[in-house]
Amino acid sequence: MTSTKPQHAPQIHFPVVDDVLQVGGIPLPRLAERVGRTPFYAVDRRVCSAQVATLRAVLPPAVALHYSIKANPMPALVQHMAGLVDGLDVASGGELRTALDTGIDPARISFAGPAKVEGELRQAIAAGVCLNIESGNELANAARIGDLLGITPRVALRINPEFELKSSGMRMGGGAKPFGIDAEQAPQVLQQAAALGLDFQGFHIYCGSQSLRLDAIIEAQSRSIELALRLAGDSPLTVRQLNIGGGLGIPYFPGEARIDPTPLGEHLAGWLPRLAQALPEARLALELGRYLVGEAGVYVARVIDRKVSRGEVFLVLDGGMHHHLAASGNLGQVIRKNYPVAIGNRMAPDGSLASATGPLCTPLDILADRMELGHARIGDLVVVFQSGAYGASASPAMFLGHPPALEVLV
Ligand SMILES: *Cc1c(COP(=O)(O)O)cnc(C)c1O
């Protein structure tokens, strides 16, 4: 039997006073009372602001920072982020509405996604947001709808590069992919964009997510910039935006550490003179989701029962994988590792182990597998840290018909 200690590093953002976790400056039991019921997600706006400020402090001011809404589309959070970043990136008509509702200038919204349907294209073009075009067919569709509406669509080409972000949790570029236009096909699609008279903005190159390796991120950024320079070199169109993605990850599991973004800022600063010369109108942008909000959120569920089965302790919770698929191990498709988990109203462990399981009738509904949670009692609040990104909106809330998790910004 392996024991995994709760990982305390991610709790830095949330102080502990008299053995009780404080979220948004509020003791967790009081926050739970205010929310009204468990389970819930709470995202601390101050942690998000601090994360943006940390990154801004090391990035050259010329580099724009975008928030990728799909990481956490809670409207209150998107509203908060809209006031902190230079742009919002959306991936559906629904996310586009959330972004527009913040009142942000539509010119600062970009829309990527491989299957934009007619209604989404119309909505985006009418609003004046930038479409990150994923294929030649989509470009032709955008032009047709632009003619119909009497609006010149703003477009950038999403490029599928010939390389990938090494060591990333999820590869989104390199090789054969449904995302973006293969770099080899881009010159032809650029000609098409010029012939159609579209309002060309530039390039979007996104090659991966959840990387904790600075050297891999730096290499992918350099290759993305080089690719954009090469494509722009034989194109008649002016590049105004160069979105080189992001891919910065956050630590989830024992042995993982936060990345220090300082070298990233220095690396991008090193590119700026050459970019200013080759693409004088281009603004370099990073788009980040998880890195900006992931550490700011907790998921909180209550211990409904405490059982001992053949010598092992189980904390049975009112929440589980239907709200937090990632912490449960993504339907068993990956080797499951424990997210950092603690008892929020009784933070000090006594060394005894327990597993925390959810209300679903499947052995996959696990939030903690034999962690130091054995001191928990019925009614206690189990906290899953690092839950600000890919939580509620990325989980199968309908599975088994339990109520959805509440979501609050504190
Ligand atoms: C998902 C996604 C992001 C955000 O990824 P994170 O790992 O959350 O930073 C950014 N851009 C695109 C195109 C995406 O699909």
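Predicted, not measured: the structure shown is a model, and the values here were computed from it. (Residues numbered from 1 in each chain as written. Predicted model: local features only at pLDDT ≥ 70, side-chain atom pairs only at ≥ 80, totals over all residues. Heavy atoms only, no water.)

1. Observations concerning the site of the ligand
Near the ligand lie 13 residues; those nearest to it are Lys 70, Ser 209, Glu 287, Arg 290 and Tyr 390. The contact in question runs from an oxygen atom of the ligand to an N or O atom on the side chain of Ser 209, over 2.6 Å. Coverage of the ligand by the protein amounts to 93% of the 390 Å² it exposes when considered alone. Considered class by class, the residues forming the shell around the ligand number four nonpolar, five polar and four charged. (Near = heavy atom within 4 Å. Polar contact = N/O pair within 3.5 Å; in protein donor to acceptor, adjacent residues only side chain to side chain. Areas by Shrake-Rupley, 256 points an atom, 1.4 Å probe, with all protein chains shown as cover. Nonpolar A, V, L, I, M, F, W, Y, C, P; charged D, E, K, R; others polar.)

2. Concerning unusual backbone geometry
With the exception of glycine, most residues fall at negative phi, and the peptide bonds are largely trans. In this structure, Pro 39 follows Thr 38 across a cis peptide bond, with omega equal to -5°. Among the structural elements, Pro 39 can be located in the loop between α1 (28-35) and β4 (40-43). The phi angle at Arg 310 is positive, at roughly 45°, despite the residue not being glycine. Looking at the secondary structure, you find Arg 310 in the loop between β16 (297-309) and β17 (312-317). The exposed category is assigned to Arg 310, whose relative accessible area is 87%. Residue Gln 386 is not a glycine yet carries a positive backbone phi of 55°. By the element assignment, Gln 386 lies in the loop between β21 (381-384) and β22 (406-409). Since its relative accessible area comes to 2%, Gln 386 is described here as buried. (Helix = DSSP H or I, 4+ residues; strand = E, 2+ residues; numbered from the N terminus. Buried < 20%, exposed > 50% of the residue type's maximum accessible area, 1.4 Å probe, protein only.)

3. What to know about the domain arrangement of the chain
Considered domain by domain, the chain is made up of domain 1 (2-44 + 295-409) and domain 2 (112-288). A separation of 36 Å is found between the C-alpha centroids of domain 1 and domain 2. (Domains from an automatic or database assignment.)

4. Here's the deal with helix α2 (residues 45-58)
An ideal rise of 1.5 Å per residue puts 20 Å on 14 residues; α2 measures up with 21 Å between its terminal C-alpha atoms. Considered for burial, the residues of α2 that qualify are Val 47, Cys 48, Gln 51, Val 52 and Leu 55. Viewed along the axis of α2, the buried residues span an arc of 135°, placing them on a single side of the element. Residues of α2 that are exposed and point over 90 degrees away from its buried face: Arg 46 and Ala 57. Contacts made by the buried residues of α2 are with β4, β5 (64-68), α3 (75-82), β15 (283-288) and α10 (290-293). The N-capping residue of α2, defined by a side-chain oxygen 2.9 Å from the backbone nitrogen of Arg 46, is Asp 44. (Expected span 1.5 Å × (residues − 1). Arc of directions from axis to C-beta. Contact = heavy atoms within 4.5 Å.)

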